[in-house]
Amino acid sequence: MKNREGQVKLPRIANWILRRTISKKVRDEALGDFDEIYFGMAEENGPLQAKFWYWGQVLESLPSFLYDSVYWRLSMLKNYLKITLRSIQKNKIHYFINITGLSIGLVVFIFITSYVLNEVNHDGFHENKNRIYQIGTGWHNGTPGPMAELLKSQFPEILSTVRFRFNYGEKNFKYQGKNYKIERAYFVDPAVFGVFSFPVLQGNPETALGSPFSIVLTKSEAEKIFGNQDPIGKVLHVEGQDLEVKAVIDDVPQNSTIQFRALISFQTLDRISPGLINNVNSMLFQTYLLFPENHDPAEIELKLSQFLYSQYDGYDQWSQSLRDRVKFSLRVFESLYFDRDRGGSMIHGNIQNVYIFSAVALFVLCIAVINFINLSTATASVRAKEVGMRKVLGSSRAQLLKQFLSESVFLVFGGTLLACILVNLLRSRFFELIGKRIEFAYIFNPAVLFLFVVCAVFIGLISGIYPALYLSSFQAANVLHGRSQKGSKGGLFRKALIIVQFTVSIVLIAGTLMVGRQMNYIRNRDLGFDKNQVLWFDMSDSLRKKTEVLKTKLREHPNIQSVATSNYTKPGVRSMWGQTWNEKKMDIDVFLADPDYIETMGLEIVEGRNFLKGSDRNRAYILNESAVQEFGMDSPVGQTVSRNTIVGVVKDFHFRSLHHEIGPLLLAYQMDANPIVNVRLSTQNVGQVIAFIRETCNELVPGSPFEYHFFDESFEALYQRELKFEKLFFFFSAFAISIACLGLFGLASFMAEQRTKEIGIRKVLGASVGSVVMLLTREFTKWVVLANVIAWPIAYFAMTRWLQNFAYRISTEFWVFVVSGLIALVIALLTVGAKAIKAAVSNPADSLRYE
Amino acid sequence: MHLLSRAEEIILMAIVNLKDNAYGIAIRQYVSKATGFKWSIGAVYAPLHRLEEKRYVAAVKGKPIKERGGRSRIYYQVTQEGREALLKLKHVNENLWKKVRAVELKEV
């Protein structure tokens, strides 16, 4: 208790607490009081009691001291806020530019972040997403039906299995005489609701799909068909079958990998096409397996694929090509969303886009922050006197730092608030742009909002630290004397910031140009056939029986040039057959078509002849040039491929998107059973012709649904992703360049102001307006040119990577970079020029009045 | 203008009454005695700090004292503004009390 000199010691911890909490102003005094009473007490009542008292008193006083120090800190903050508001009032335009630039940047940042979060959080609602596995086969990941049962009996650790039968196109549902088209109605095993977590709204999930001819609808489909009626127990008529609605589930979220509108029980499929499920050759089903919580993925994958290979190697029913292609793997459900080879009609994200956009988000945020720093520093000349005055009146540098830092935090908060308002206003436009709705719940929940506040403070501090250091460094004597601060270091820093901004802008502009050019190239490339003015539609089964009559009737219309039937629905959907010539086997894309197909699509026969109606009788092939080349045939016409005779060779044409090379293709003669009608129209009265086609169909089969598509639109749809990408790129670069220009404008006005006197003197000495404008713009030009030099290689590298997505692409030409550089330069010059001209035409008498 | 808080008023009055001896411990003893309960040191200094910021009291540094760990006592004096504020408060209090009859408070 006593130290060596026999003195009583203060309780160390209690003393330390006091020192931390008492505000600086009264600290010494209050501590003095504590000591005085303590030592007095120690003398009188003994050190132990004194110590007790000390601790008691510390605890008792703590709330008051804490309140006191928070009170003063807050009142200081209030003071800072007042200063900020005052200087905003003095410099409205400047602060307007600064806050607007920041909030534009933040708007972009929030949007992109929400997009990225949405992508990354895909399938988040599935509780078992990390223990569901898909069996990969390398063949659109289709598996034969019996595989699921076989695996389950072999591996006890598999908790349950789910098979999906995904199919393209829409199904026609009939209810009370009305037709409803439902896309994505899939057959599925009853265990689907136990494995995946689709929320069931009505009905019992366990029994819903347990019996044949039962169907589960999503909420919006149920509302569409039944309105306000209770859908449970209602019967829908589909393709000759009656399906009973057993349950209703919530609409599948946008970012779910598996998308569907209706689920039909698996046993139904068995009744409709008996034997299909048990056929080991039909690779029609996707199989999902559920494993227990503590499984070892690597071990399971090894065991499973070994087993599968041993089972399926022996199957002689499998064609060699199928056996060569199948590669078993086990893929965790979580990873499927970003997997290119997921197969089936599942939706998917693009991890590349996620990366690109995350980078863009950071870029834009950087630009905005840089701008903020730049503009804050640029106020230096205005704030210099204030800083000088404060220093003279005894402000320490630390205090000034605090003041400027809190100012920038305030501004960032203001900008964030504005950004949030803008985000709310622009939300629907953004959804339109990216083509899907995003759950903003990911952004506007308490945790993220808290993060947001922290971020705002952080950004405020980051962007405030340099201006604060810079501004608070002014020497009072110098600034009050009127000598301007020519911090050459600061100038360099600012220049670097401008250069970075423009580099980013130029990269984005170049990207926009390149994407635009590639899209243009895609649209205008000669596809080898005439995709314009061709319309196609599906025939129902009953209409299909009257194909010939329909064709004849349609041809009678003067504006219909030709009509053909085929099985080729839309570009992107493939069916491939294994074909043999001279013991050479390969898989070839196959179109089934009638003799009118070549004319209707505008294809060109380069060798041999077209199909002959009647005489070719399902035994004739027409190959494309790639197929001839691939087989290595010298004189293809007359050769026999898989017991069919080649009658002709058609010139290569793009039957798939330009992402892919033109592969081998064969047209097989088929007259009657084709599901698609292709109609070539002349350019006049298109609307009338369509009405005519509809009437004709209805005449032949009353009530048949007629939904038509134009071929060029279907082709364009293959580039949805790129089109979206193009639009987004355009908007982001527009944002980036406008933010950069805001910054540049602020900087230019600042520079013009700083050089007011210089300009005045020059003009007095006879400088022309032009030369002054030159003087002011020259420096900015230099920076933008430098930014170009940095931006070009980056843009070149990035765009070359992107173009590799396409088999047919433009070359990365140099002039694109030059043009994007020029665009940036012109915009920059326009921005600076406006300010420069204003400064140059000003009367020198005004600027030199005080000299 | 803002009226003083009750704690500020009490402490300001204590400083007036203590005259030349108004330093931390003395003020605390005085107000504790006057109000009938113990004030913590913190409870004294928070209002005192505010009074000082408002310039109602001025601080005068005394000599360093060994018992205080070599620190000086700081004596407070009421400034002219402080006196005016206190007077104003007195008027307010008197005006308010005028209307309140003792009977109503059952003090008779």
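As the structure is a prediction and not an experimental result, all values here were calculated from the model.

### Regarding the overall build of chain B
Phase 1 of the analysis: The secondary structure content of chain B amounts to 4 helices and 2 strands.
Phase 2 of the analysis: Secondary structure elements of chain B, listed N to C terminal, follow the sequence α-α-α-β-β-α.
Phase 3 of the analysis: In chain B, buried positions account for 33% of the 108 residues.
Phase 4 of the analysis: Counting only contacts in chain B whose residues sit at least 6 apart along the sequence, the fraction spanning at least 24 positions is 45%.

### Observations concerning the overall build of chain A
Phase 1 of the analysis: Within chain A, the secondary structure is distributed over 28 helices and 23 strands.
Phase 2 of the analysis: Relative to its 851 residues, chain A shows a buried fraction of 37%.
Phase 3 of the analysis: Taking contacts inside chain A between residues at least 6 apart in sequence as the whole, the part at least 24 apart equals 84%.

### Digging into the nonpolar core
Phase 1 of the analysis: Core analysis: the largest hydrophobic core is formed by 94 residues, its most contacted members being V364(A), A510(A), A736(A) and L744(A).
Phase 2 of the analysis: Sorting elements by how many residues they give to this core places helix α24 (residues 720-754) of chain A first, with 18 residues.

### A look at unusual backbone geometry
It is generally the case that most residues other than glycine have a negative phi and that most peptide bonds are trans.
Residues and elements named next belong to chain B.
Phase 1 of the analysis: Its identity is not glycine, yet K19 carries a phi of approximately 55°, on the positive side.
Phase 2 of the analysis: Here K19 shows up in the loop between α1 (6-18) and α2 (24-35).
Phase 3 of the analysis: For R55, which is not glycine, the phi torsion reads 65° and is therefore positive.

### Regarding the interface of chain A and chain B
The figure often quoted for interface size is the accessible area lost as the parts come together.
Phase 1 of the analysis: Each partner contributes to the interface: chain A provides 24 residues, whereas chain B provides 16 residues.
Phase 2 of the analysis: Here the element with the most residues in the side of chain A that touches chain B is helix α2 (residues 24-45) of chain A; it accounts for 14 residues.
Phase 3 of the analysis: A breakdown of the residues in the side of chain A that touches chain B according to their chemical character gives 10 nonpolar, 6 polar and 8 charged.

### A look at the packing of helix α3 (residues 47-90) of chain A against helix α14 (residues 397-434) of chain A
Residues and elements named next belong to chain A.
Phase 1 of the analysis: Close contact between α3 and α14 brings their axes to 9 Å; oriented N to C, the two are set at 70°. As far as their axial angle goes, α14 and α3 are roughly perpendicular. Crossing of α3 against α14: the hand is right-handed. From α3, L77, Y80, L81, I83 and T84 reach across to α14, where they touch Q403, S406, E407 and F410.
Phase 2 of the analysis: Residue composition of the contact of α3 with α14, by class: 5 nonpolar, 3 polar and 1 charged.

### Here's the deal with the environment of S542(A)
All names here are of chain A.
Phase 1 of the analysis: With respect to the helices and strands, the residue S542 is situated in helix α18 (residues 541-544).
Phase 2 of the analysis: On the basis of neighbour count, S542 is assigned to the exposed category, with 12 C-beta atoms found within 10 Å.
Phase 3 of the analysis: C-alpha separation for the pair S542 and L700, spaced 158 residues apart in sequence, amounts to 9.1 Å.
Phase 4 of the analysis: The contacts of S542, once residues within four sequence positions are left out, are V701 and S704.

### Section: the environment of A795(A)
Residue and element names in this part refer to chain A.
Phase 1 of the analysis: Examined against the element boundaries, A795 turns out to sit in helix α26 (residues 769-803).
Phase 2 of the analysis: Given 25 C-beta atoms within 10 Å, A795 falls into the buried group.
Phase 3 of the analysis: Taking the C-alpha atoms as reference, A795 lies 9.1 Å from I509; in sequence the two are 286 residues apart.
Phase 4 of the analysis: Among residues more than four places away in sequence, those in contact with A795 are I506, V507, A510, G511 and F817.

### Thoughts on the confidence of the model for chain A
Residues and elements named next belong to chain A.
Phase 1 of the analysis: A residue-level look at chain A finds 91% of positions with pLDDT of 70 or above and a mean pLDDT of 80.
Phase 2 of the analysis: Per-element confidence in chain A is highest for strand β7 (residues 214-218), whose mean pLDDT is 89, and lowest for helix α10 (residues 320-325), whose mean pLDDT is 62.
Phase 3 of the analysis: Below a pLDDT of 50 lies the segment residues 1-5, which in the model reaches 6 contacts outside its immediate sequence neighbourhood of four places, other chains included.

### Digging into the pairing of strand β1 (residues 132-136) of chain A
All names here are of chain A.
Phase 1 of the analysis: Among the 5 residues in β1, 5 count as buried, and that is most of the element.
Phase 2 of the analysis: Every second residue of β1 is oriented toward a common face, with I132, Q134 and G136 on one face and Y133 and I135 on the other, all of them buried.
Phase 3 of the analysis: Taken together, the 3 bridges between β1 and strand β11 (residues 286-290) define a ladder with antiparallel strand orientation. Within the sheet, the bridge partner assigned to Y133 lies in β11 and is L289.
Phase 4 of the analysis: Here β1 runs beside strand β12 (residues 329-332); their pairing, made up of 4 bridges, is antiparallel. Each residue of the ladder has a partner; that of Y133, found in β12, is V332.

### Overview of the confidence of the model for chain B
Phase 1 of the analysis: The pLDDT averaged across chain B works out to 83; a share of 94% of its residues lies at or above 70.
Phase 2 of the analysis: The complex model carries a pTM of 0.66, and its ipTM stands at 0.78.

### Comments concerning the environment of G145(A)
Phase 1 of the analysis: Take G145(A): it is sitting in the loop between β1 and α5 (147-154).
Phase 2 of the analysis: When sequence neighbours within four positions are dropped, the list of residues in contact with G145(A) reads R163(A), I277(A), N278(A), N279(A), S282(A) and F285(A).

Procedures and definitions
Residues numbered from 1 in each chain as written. Chains lettered and ligands numbered in written order. Predicted model: local features only at pLDDT ≥ 70, side-chain atom pairs only at ≥ 80, totals over all residues. Helix = DSSP H or I, 4+ residues; strand = E, 2+ residues; numbered from the N terminus. Buried ≥ 20, exposed ≤ 12 C-beta atoms within 10 Å, placed from the backbone. Contact = placed C-beta atoms within 7 Å. Core = buried A, V, L, I, M, F, W, Y, C linked by C-beta atoms within 7 Å. Nonpolar A, V, L, I, M, F, W, Y, C, P; charged D, E, K, R; others polar. Axes fitted to C-alpha atoms, helices over the stretch in contact; angles between N-to-C directions. Parallel < 35°, antiparallel > 145°, perpendicular 65-115°, else oblique. Left-handed = near helix turned anticlockwise from the far one by under 90°. pLDDT = per-residue confidence, 0-100. Pairing = 2+ DSSP bridges.

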